[in-house]
Amino acid sequence: IYFCRSTDGKDWSEPKKLNDDETERGQFFPFVVVDKDGVVHVAWGDMRDDPSDTSYNIYYTRSEDCGDTFSPNMRVSDHPSNPMQGMPEFIGDYFGMAVGEDVYIAWVDCRYGPNGRANEDVVLARGEEFPEPRIEVSPKEGPSGCLLYTSPSPRD
């Protein structure tokens, strides 16, 4: 994965290699977002962890100096995906990133394909931890706040 920048749209910097692995394995579908503070965020699919060059993880790096230097690569996905187990053997180009107060990365994940059928899911990761999930019934009273009973309600 290489990065070039231009400040005038005519002159470009020399390409800078962003993937910091020493393999010859595939890296693909890079996506770049520059936030309001000028921080450059880059994520991509990366097969560096699979000697057969088949399964990919999502990797991420960032630059806080307009692309002069980048942080060490960080693996974002917690499990590899094998695109040959997709629908069928196609993951499209459905990777993306949004940046605001946090970094959100979404990608096509094929980890469940080996269970006997083609399977793709869209997975989301973010820079900060997700809060603990909670379930709340709203409103707490009334028809939408009551469970369905098979016998009369104790209130009757």
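Whatever comes next refers back to the structure up there.
I will try to describe carefully the structure that is included in this document. Just so we're clear, the structure is a prediction, and the values are computed from it rather than from any experiment. (Residues numbered from 1 in each chain as written. Predicted model: local features only at pLDDT ≥ 70, side-chain atom pairs only at ≥ 80, totals over all residues. Heavy atoms only, no water.)

1. Things to note about the overall build of the protein chain
Turning to step 1, where the next piece is worked out: For the protein chain, the helix and strand inventory stands at zero helices and nine strands.
Turning to step 2, where the next piece is worked out: Across the protein chain, helices and strands are ordered from the amino to the carboxyl terminus as β-β-β-β-β-β-β-β-β.
Turning to step 3, where the next piece is worked out: Residues classed as buried in the protein chain amount to 33% of the 156 residues present.
Turning to step 4, where the next piece is worked out: Across the protein chain, the fraction of contacts at a sequence separation of at least 24, relative to all contacts at a separation of at least 6, is 44%.
Turning to step 5, where the next piece is worked out: Total accessible area on the protein chain stands at roughly 10,700 Å², and carbon and sulfur atoms take up 53% of it. (Helix = DSSP H or I, 4+ residues; strand = E, 2+ residues; numbered from the N terminus. Buried < 20%, exposed > 50% of the residue type's maximum accessible area, 1.4 Å probe, protein only. Contact = heavy atoms within 4.5 Å. Areas by Shrake-Rupley, 256 points an atom, 1.4 Å probe, with all protein chains shown as cover.)

2. Some points on the sheet that holds strand β8 (residues 103–109)
Turning to step 1, where the next piece is worked out: Reading across from one edge, β7-β8-β9 is the order of the three strands in this open sheet, with antiparallel pairing throughout. Only two strands of the sheet have a single neighbouring strand rather than two, namely β7 (96–99) and β9 (121–126). The sheet shows a mean angle of 20 degrees between the axes of neighbouring strands, taken without regard to direction.
Turning to step 2, where the next piece is worked out: Taken together, the six bridges between β8 and β9 define a ladder with antiparallel strand orientation. Residue pairing for β9: Asp-109 is matched across the bridge by Asp-121. (Pairing = 2+ DSSP bridges. Axes fitted to C-alpha atoms, helices over the stretch in contact; angles between N-to-C directions.)

3. Some details on the pattern of salt bridges
Turning to step 1, where the next piece is worked out: Going through the model one piece at a time under the given rule, you end up with eight salt bridges.
Turning to step 2, where the next piece is worked out: A salt bridge links Arg-48 to Asp-20; its shortest N-O distance comes to 3.1 Å. Here Arg-48, found in the loop between β4 (40–46) and β5 (57–63), pairs with Asp-20, found in the loop between β2 (16–17) and β3 (27–34); they are 28 residues apart in sequence, far enough to count as distant.
Turning to step 3, where the next piece is worked out: With a relative accessible area of 40%, Asp-20 lands in the partly exposed category.
Turning to step 4, where the next piece is worked out: Residue Lys-36 pairs with Asp-37 through a salt bridge whose shortest N-O separation is 3.6 Å. (Salt bridge = Lys/Arg side-chain N within 4 Å of Asp/Glu carboxyl O.)

4. Regarding the pairing of β5
Turning to step 1, where the next piece is worked out: Here β5 lies mainly inside the structure; six of its seven residues are buried.
Turning to step 2, where the next piece is worked out: Bridge count between β4 and β5: seven bridges; the pairing is antiparallel. Across the sheet, Ala-43 pairs through a bridge with Tyr-60, a residue of β5.
Turning to step 3, where the next piece is worked out: Here β5 runs beside strand β6 (residues 74–75); their pairing, made up of two bridges, is antiparallel. Counterpart to Tyr-59 in the pairing with β6 is Arg-75.

5. Digging into the sheet that holds β6
Turning to step 1, where the next piece is worked out: Read across the sheet, four strands follow the order β3-β4-β5-β6 without closing on themselves; strand pairing throughout is antiparallel. On the outer flanks of this sheet lie β3 and β6, each paired with one strand and no other.
Turning to step 2, where the next piece is worked out: Of the pairings in the sheet, the one linking β3 to β4 comprises six bridges and is antiparallel in character. Residue pairing for β4: Phe-31 is matched across the bridge by Ala-43.

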